[in-house]
Protein chains: 2
Amino acid sequence: MIEDKNPQRTPVENLGEFGLIDFITKNFEITHSSTVTGIGDDAAVLNHAKSTVVTTDMLVEGVHFDLSYAPLKHLGYKAIMVNLSDVYAMNAVATQVTVSIAISNRFPVEAVKELYEGIEMACKTYNVDLIGGDTTASRSGLVISVTAIGEQDADKIVRRKGAADGDLLVVSGDIGAAYMGLQILEREKAVFKANPQNQPDIDAYSYLLERQLKPEARKDIPKLLEELDVLPTSMIDLSDGLSSEIIHLCKHSDVGITIYEDKIPLDPTVITACEEFNLDSTTIALSGGEDYELLFTVKQEDFPKIKANPSLSIIGHVVDASLGSNLVTRGGEQIPIRAMGWNSFQE
Amino acid sequence: MIEDKNPQRTPVENLGEFGLIDFITKNFEITHSSTVTGIGDDAAVLNHAKSTVVTTDMLVEGVHFDLSYAPLKHLGYKAIMVNLSDVYAMNAVATQVTVSIAISNRFPVEAVKELYEGIEMACKTYNVDLIGGDTTASRSGLVISVTAIGEQDADKIVRRKGAADGDLLVVSGDIGAAYMGLQILEREKAVFKANPQNQPDIDAYSYLLERQLKPEARKDIPKLLEELDVLPTSMIDLSDGLSSEIIHLCKHSDVGITIYEDKIPLDPTVITACEEFNLDSTTIALSGGEDYELLFTVKQEDFPKIKANPSLSIIGHVVDASLGSNLVTRGGEQIPIRAMGWNSFQE
């Protein structure tokens, strides 16, 4: 929210589409042997020895992000993360991405550069090749559309379908922090609007803000599971909220799920922030969304391999479909889980 | 431009994102054995025995299309075509697509349905599987982002690079019609604005309008070339205009190209329309864009296989890079070819 008094603003039309593409892609390197041809032809050429997984997600200004507080570099990074997360949710290794952007003419070359710095950082950190994309004008806001590609042996790919009665439900990391980060950003935006001289005091919330603005996809989890010799029976990533992802797993696997309130992993700062905002932390964990953790089921016999791992929490188990999906509260009460996750079509 | 007095308008939020996805994808069928898992998981799973080609293009309302004259069904069809065209330009077989859309809330379910009817028709006609996508709200116009995937033996993939001195330059079909179709649509829009009672008389232009509103990608050309036992030395699709694609081929192959004005294939209606609009038909052919024909080079020894084919025109030949790219006019004059193709960043 601190503006540079003399920012350099080069209009994109000075470069043209091809000049812009050259400019933004010059730092990207191809590192995967499966990338035969990257950017620069009518299409990229890949050579995957294993099965290929493909997923795509679109981020729209004013719907998925607010440029008044989301730095462009973080936004570029996040756009890659939300897509890689879906690749990891298939238990696959992410290998390539394509990135298409539509930008309004208020977007100078410098802003595009910042966005692509984030994309580049994500590609380098997660070892994926940028192999193509499209760059176009937009009559209004910024739109980012990413397609992520990965590979895995056919028999190691994990789907939403496959959970069976008695399996354990496991989640990586902790949840609810990204949603609370958004609450803090929205509050500070309102404060800033009321009094632009006010300096926001957000140090105490740095974990929450990072989870919202620069999330990390769980590349490490498929690797960890392989090391632990655990193949999940089903898996999904947490993008829309725990409750809605549990319902997806149940629907695809034709099972029910019981989770326990006291098992849900929450970071202490989430609990503190929930108290401050007078919100129930369990509700936030269930409905918050954007955690990009992995939610998966494993066979009971894998319990010893999972139980002591600091990255993993067993939060419940799979039951017969007739029992539905329920949360057992700290008080022992059983409450049906409803999908209350985020929906871009609701105001 | 004729409005239904009582159109049914179901708000998208009535269905929600998942309801909408179920609604729009229910008619799509998986036909390729290489599609192991389609829509409905975190990612699709593919099993390509050959090399995989991947391409992506984004269409933005107000930049690439105008909903005041582009029927949604045609727009859905065209969004698939512009992507498949890039797959065919690699001499590959298109097998899968993902489609992401961002829609404003003025877009009812019925409009989304119409758009997907066009996408479905394209997928069926061109035998590609819809395997994924994203559906989101937009704060303003419609955005469509498609990723197309295809496959081909590694040694049969044709790139922009590969043209050599002496090769013949060949184009499929005829060019300039899509641009003239756009001119007619723009003129009729202006007439309609001035006098809404005026009934446009566009029968004479049906070929031009179809080329603009519902183009067909040249799936048949890679197949034809295989039957003729011709493997092009380089290839590109005509999206931005003949001149700009010639320059791409020259740059990637490090060659020059000479083309002959009298060899450029023009449909008679393009010539008529150019006379009516007082435009030079050669300029339109060079700079018009959106033809989605294939432009490729073949070895001279393949001349007998190509020459009599009604789908193919030999319009020039490859020369040394030092000679640059030139058009030889009907009068024998040599004019340098400059990229004058369409650029979304110019007004």
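Residues numbered from 1 in each chain as written. Chains lettered and ligands numbered in written order. Predicted model: local features only at pLDDT ≥ 70, side-chain atom pairs only at ≥ 80, totals over all residues. Heavy atoms only, no water.

As annotated in an unreviewed UniProt entry, chain A is Thiamine-monophosphate kinase from Nonlabens xylanidelens. Listed under Pathway (unreviewed entry) in UniProt, the entry text for chain A is "Cofactor biosynthesis; thiamine diphosphate biosynthesis; thiamine diphosphate from thiamine phosphate: step 1/1." In UniProt, chain A has this text filed under Catalytic activity (unreviewed entry): "thiamine phosphate + ATP = thiamine diphosphate + ADP". (UniProt positions renumbered as here; feature names shortened; annotations may be inferred.)

Caption draft 1: View of the domain arrangement of chain A. Residue and element names in this part refer to chain A. For chain A, the domain assignment lists domain 1 (12-156) and domain 2 (168-336). For domain 1 versus domain 2, the distance between C-alpha centres works out to 26 Å. Listed as interface residues are 24 residues of domain 1 and, on the opposing side, 21 residues of domain 2. For the pair domain 1 and domain 2, the two sides together bury roughly 2000 Å², of which 58% comes from carbon and sulfur. Together, Y69, K78 and Y88 form the three largest contributors to the area buried by domain 1 at its contact with domain 2, with a combined 32%. Between domain 1 and domain 2 we count three salt bridges in total. In this structure, K78 engages E290 in a salt bridge whose closest nitrogen and oxygen atoms are separated by 2.8 Å. Inspection of the domain 1/domain 2 interface yields nine residue pairs in polar contact (both at pLDDT 80 or more). (Domains from an automatic or database assignment. Contact = heavy atoms within 4.5 Å. Buried area = accessible area lost by both parts, 1.4 Å probe. Salt bridge = Lys/Arg side-chain N within 4 Å of Asp/Glu carboxyl O. Polar contact = N/O pair within 3.5 Å; in protein donor to acceptor, adjacent residues only side chain to side chain.)

Caption draft 2: Quick peek at the UniProt feature "binding site: ATP" (unreviewed entry) in chain A. Summarizing the sequence annotation, UniProt attributes the feature "binding site: ATP" (unreviewed entry) to Y116, G133, D134, R160 and S239 of chain A in the numbering used throughout. The annotated residues occupy 124 residues of the chain and do not converge on a single region, their most distant C-alpha atoms lying 32.2 Å apart. Considering the arrangement of structural elements, one finds Y116 of chain A in helix 3 (residues 109-126). If near-sequence neighbours (up to four positions away) are discounted, Y116 of chain A is found in contact with I24, F28, V99 and I101 of chain A. The residue D134 of chain A is located in strand 5 (residues 129-137) in this model. Leave out the neighbours within four places in its chain, and D134 of chain A touches E17, V99, S100 and I101 of chain A together with T56, D57 and M58 of chain B. (Helix = DSSP H or I, 4+ residues; strand = E, 2+ residues; numbered from the N terminus.)

Caption draft 3: Representation of the UniProt feature "domain: PurM-like C-terminal" (unreviewed entry) in chain A in the model. Per the UniProt record, the feature "domain: PurM-like C-terminal" (unreviewed entry) sits at residues 165-321 of chain A. As annotated, residues 165-321 of chain A has a helix share of 43% and a strand share of 17%, and its two end C-alpha atoms lie 8 Å apart.

Caption draft 4: Molecular detail of the relation of the copies chain B and chain A. When chain B is fitted onto chain A, the two copies agree to an RMSD of 0.0 Å after a turn of 180° and an axial shift of 0.0 Å. Such a combination of turn and shift is consistent with a two-fold rotation axis. (Least-squares fit on C-alpha atoms with pLDDT ≥ 70 in both.)

Caption draft 5: Structural detail: the sheet that holds strand 1 (residues 35-37) of chain B. Pairing in this open sheet of six strands is mixed, and the strands run 5(A)-4(A)-6(A)-3(A)-2(B)-1(B) from one edge to the other. Of all the strands in the sheet, the pair left with one neighbour each is strand 5 of chain A together with strand 1 of chain B. Neighbour-to-neighbour, the strand axes of this sheet turn through a mean angle of 20°, independent of strand direction. Of the strands in this sheet, strand 4 (93-103) and strand 5 of chain A are in contact with helix 1 (residues 16-25) of chain A, which crosses strand 5 of chain A at around 145°. (Pairing = 2+ DSSP bridges. Axes fitted to C-alpha atoms, helices over the stretch in contact; angles between N-to-C directions.)

Caption draft 6: The sheet that holds strand 7 (residues 168-172) of chain B, seen in detail. All names here are of chain B. Spatial ordering of the open sheet is given by 8-10-7-11-9-12-13, a layout of seven strands whose pairing is mixed. Each of the sheet's edge strands pairs with one partner strand only, and the pair in question is strand 8 (234-237) and strand 13 (334-336). Shown here is a sheet whose adjacent strand axes are inclined to one another by a mean of 25°, direction ignored. Relative to strand 12 (residues 325-328), strand 9 (residues 256-260) is paired through four bridges, and the arrangement is parallel.

Caption draft 7: The arrangement of the side chain of S85 of chain A in detail. All names here are of chain A. Among the structural elements, S85 can be located in helix 2 (residues 72-88). Accessibility expressed as a relative area gives 0% for S85, which makes it buried. Not counting residues within four places of it along the chain, the set of residues in contact with S85 comprises A217, D237, Y292 and L294. (Buried < 20%, exposed > 50% of the residue type's maximum accessible area, 1.4 Å probe, protein only.)

Caption draft 8: Up close: the pattern of salt bridges. All names here are of chain A. Inspection of the entire model under this criterion finds 37 salt bridges over all chains. The salt bridge partner of K156 is D153, with a shortest N-O separation of 3.7 Å. Overall, K156 belongs to the partly exposed group, its relative accessible area being 28%. Residue classification places D153 among the partly exposed residues on the basis of a relative accessible area of 26%. Connected through shared salt-bridge partners, R211, R218, D220 and E293 make up one network.

Caption draft 9: Examining the packing of aromatic side chains more closely. Residue and element names in this part refer to chain A. Taken as a whole and assessed by the stated rule, the structure comprises five aromatic pairs over all chains. One aromatic cluster is present, formed by Y77, Y88 and Y126 through successive ring pairs. In this structure, K214 packs its charged tip against the face of Y77, placed 4.2 Å from the ring centre. (Phe/Tyr/Trp six-rings, centres within 6.5 Å; stacked < 30°, edge-to-face > 60°. Lys NZ or Arg CZ within 6 Å of the ring centre and 35° of its normal.)

Caption draft 10: Seen up close, the interface of chain B and chain A. Between chain B and chain A, the contact holds 68 residues from the first and 68 residues from the second. At the boundary of chain B with chain A, total buried surface from both sides reaches about 5200 Å², with 52% on carbon and sulfur atoms. Counting the contacts that link chain B with chain A gives four salt bridges. Across the salt bridge formed by R160 of chain A and D41 of chain B, the nearest N and O atoms sit 3.8 Å from each other.

Caption draft 11: Quick peek at the packing of helix 4 (residues 177-194) of chain A against helix 5 (residues 206-213) of chain A. All names here are of chain A. Axis separation between helix 4 and helix 5 bottoms out at 7 Å; the angle between their running directions is 100°. Of the possible angle classes, the one that applies to helix 4 and helix 5 is roughly perpendicular. Listed contacts from helix 5 to A177, A178, Y179, M180, G181, L182, I184 and L185 of helix 4 are Y207, L208, L209, R211, Q212 and L213. Within the contact of helix 4 with helix 5, the residues separate by chemical class into eleven nonpolar, two polar and one charged. (Parallel < 35°, antiparallel > 145°, perpendicular 65-115°, else oblique. Nonpolar A, V, L, I, M, F, W, Y, C, P; charged D, E, K, R; others polar.)

Caption draft 12: Structural detail: the side chain of T37 of chain A. Among the secondary structure elements, T37 of chain A is positioned in strand 1 (residues 35-37). Exposure remark for T37 of chain A: the relative accessible area of 13% places this residue in the buried category. Within polar-contact distance, the side chain of T37 of chain A engages the side chain of R159 of chain B at 2.8 Å. Among residues more than four places away in sequence, those in contact with T37 of chain A are A44 and V45 of chain A together with R159 of chain B.

Caption draft 13: The pairing of strand 5 of chain A, seen in detail. Residue and element names in this part refer to chain A. Across the nine residues of strand 5, eight count as buried, placing the element largely inside the fold. The pairing of strand 4 with strand 5 spans eight bridges and is parallel. Bridge pairing links Q96 to D129 in strand 5. Note that the unit made of strand 4, helix 3 and strand 5 has a crossover that is right-handed. (Right-handed = clockwise from strand over helix to strand, strands pointing away.)

Caption draft 14: Representation of the pairing of strand 8 (residues 234-237) of chain A. All names here are of chain A. What you see with strand 8 is no split at all: S234 and I236 on one side and M235 and D237 on the other are buried throughout. Here four bridges tie strand 8 to strand 10 (residues 294-298), and the two strands are oriented antiparallel to one another. In the strand pairing of strand 10, D237 is matched with L294.

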